[in-house]
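Coordinate analysis (summary)
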Amino acid sequence: MAAVRIQQKVQKVQQEQHVQRAPRKKQKRSVRWTVGEKLVFVSFLAFALYSSVTIISNQFTIYHVNKEVQQLQANIQGQEKQNRDLYVQVQELSTYERILAKAKELGLTLNENNVKVVQD
């Protein structure tokens, strides 16, 4: 009796293995999206597109503003250099010796009685 039971168990295992080896047919699943899912998907894509365009636009604006700032700084530095050069030139041209030499060249004489001292 025990031999019969063992033989029946072996047959069942062999049948199960035989069944498992049989190729299974793949079932095609058709994916159906509901209107709500489509709406969420489309709105997500629209948001992603809008966000990317906005970010790129802002970066482009920042680039141009930085470029203008650098140009203005270069212009300011150039103007400051020109102002310093002109200040040095004014200091050189307004020396007492130069003014006196220019006055003598034009035929003017220094009259000590006519000189008025003005203090700041």
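All figures in this text were calculated on a predicted structure; none of them were measured in a lab.

Below, the discussion takes up the overall build of the protein chain. A tally of helices and strands in the protein chain yields three helices and zero strands. Residues classed as buried in the protein chain amount to 0% of the 120 residues present. As displayed, the protein chain offers around 12,700 Å² of accessible surface, 58% of which is attributable to carbon and sulfur atoms.

Any two side chains of opposite charge can pair if their charged atoms end up close together. Applying the stated criterion across every chain, the model contains two salt bridges. In this structure, the salt-bridge partner of lysine 81 is aspartate 85, at a minimum N-O distance of 3.4 Å. Taken together, the positions of lysine 81 and aspartate 85, both in helix 2 (residues 35-93) and four residues apart, correspond to about one turn of that helix. We classify lysine 81 as partly exposed; its relative accessible area is 48%.

For the rest of this paragraph, the subject is the packing of aromatic side chains. Within a pair of aromatic rings, the relevant descriptors are the distance that separates the centres and the angle that separates the planes. Following the criterion strictly, the structure yields one aromatic pair and no others. Measuring from ring centre to ring centre gives 5.5 Å for tryptophan 33 and phenylalanine 41, while their planes differ by 80°; the resulting arrangement is edge-to-face.

Looking now at a nonpolar patch on the surface. A cluster of nonpolar residues, Val31, Trp33, Phe41, Val42, Phe44 and Leu45, forms a patch on the protein surface that exposes about 640 Å² of accessible area. Looking at the secondary structure, you find leucine 45 in helix 2.

Model confidence for the protein chain is summarised by a mean pLDDT of 87, while 87% of its residues fall at 70 or above. Mean pLDDT per element in the protein chain: helix 1 (residues 2-21) is the minimum at 69, and helix 2 is the maximum at 97.

Parameters at a glance
Residues numbered from 1 in each chain as written. Predicted model: local features only at pLDDT ≥ 70, side-chain atom pairs only at ≥ 80, totals over all residues. Heavy atoms only, no water. Helix = DSSP H or I, 4+ residues; strand = E, 2+ residues; numbered from the N terminus. Buried < 20%, exposed > 50% of the residue type's maximum accessible area, 1.4 Å probe, protein only. Areas by Shrake-Rupley, 256 points an atom, 1.4 Å probe, with all protein chains shown as cover. Salt bridge = Lys/Arg side-chain N within 4 Å of Asp/Glu carboxyl O. Phe/Tyr/Trp six-rings, centres within 6.5 Å; stacked < 30°, edge-to-face > 60°. Patch = residues over 30% accessible without salt bridge, like charges linked within 9 Å, V, L, I, M, F, W, Y side chains within 5 Å. pLDDT = per-residue confidence, 0-100.

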